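# Understanding the architecture of this molecule
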Amino acid sequence: QVHLVESGGGLVQPGGSLRLSCAASGIIFSFYTMGWYRQAPGKERELVADLGYGGSTNYVDSVKGRFTISRDNAKNTVVLQMSSLKPEDTAAYYCRAQHRKNPTVEYWGQGTQVTVSS
């Protein structure tokens, strides 16, 4: 059974930092592109960043230079380091695993809330 478990969300002031972590089990981690998505109230879910096994990354423009995605293939984890947080970063953040060779195979975590507010 596949599990993606996110942790690290919370309340932070503007300009602050948070580190989100996603632990995967039940999959061959190296077979999957790992990504972080977010969904704010009333908005569609959007890609924040993703990271292939070989290290290729994609970031949404709004987080470039502020967020960094990384993965530890030995520990089956993917981390999103977020800094210089803004109120518009407030959203539920979700971890996603997408099979590299069969993109229709995907798994999602349950989400973790990030709230940026003073």
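### Let's talk about the packing of aromatic side chains
Inspection of the entire model under this criterion finds two aromatic pairs. Aromatic side chains tyrosine 32 and tyrosine 107 sit 6.1 Å apart centroid to centroid with 50° between the ring planes, which places their arrangement in the tilted category. With tyrosine 32 in strand β4 (residues 32-39) and tyrosine 107 in strand β10 (residues 106-108), the pair connects residues that are 75 residues apart, well separated along the chain. Relative accessible area serves as the criterion here: at 7%, tyrosine 32 is assigned to the buried category. Overall, the relative accessible area of 30% leaves tyrosine 107 in the partly exposed class. Geometrically, the ring pair formed by tyrosine 37 and tryptophan 108 is edge-to-face, given 4.9 Å between the ring centres and 65° between the ring planes. One end of the pair, tyrosine 37, is in strand β4; the other, tryptophan 108, is in strand β10, with 71 residues separating them in the sequence. By relative accessible area, which is 32% here, tryptophan 108 ends up partly exposed. Geometry around tyrosine 94 places arginine 45 over its ring, the cationic atom sitting 3.8 Å from the centre.

### Brief notes about unusual backbone geometry
We note that asparagine 76 has phi near 55°; this positive angle belongs to a residue other than glycine. Along the polypeptide, asparagine 76 turns up in the loop between β7 (67-72) and β8 (77-82). Phi at serine 84 takes a positive value of approximately 50°, unusual for a residue other than glycine. Positionally, serine 84 belongs in the loop between β8 and β9 (91-99). With relative accessibility at 41%, the residue serine 84 sits in the partly exposed group.

Conventions used here
Within each chain, residue numbers correspond to sequence positions counted from 1 in written order. Thresholds applied to this predicted model are a pLDDT of at least 70 for local features of residues and 80 or more for the giving and counting of side-chain atom pairs; totals over whole chains, interfaces and linings are not thresholded and use all residues. Where side-chain values are given, they derive from all heavy atoms of the structure, hydrogens and water being excluded. The pairing test for Phe, Tyr and Trp rings, Trp by its six-membered ring, is centres within 6.5 Å, and the orientation test on the planes gives stacked under 30 degrees, edge-to-face over 60, and tilted for anything in between. Here a helix means four or more residues in a row that DSSP labels H or I, a strand means two or more in a row labelled E, and each is numbered from the N terminus. Exposure is judged per residue with a 1.4 Å probe applied to protein chains only, and the accessible area is read against the type maximum: over 50% gives exposed, under 20% gives buried, and values in between give partly exposed. Only when the NZ atom of a Lys or the CZ atom of an Arg is both within 6 Å of the ring centre and within 35 degrees of the ring normal do we say a charge sits over the ring.

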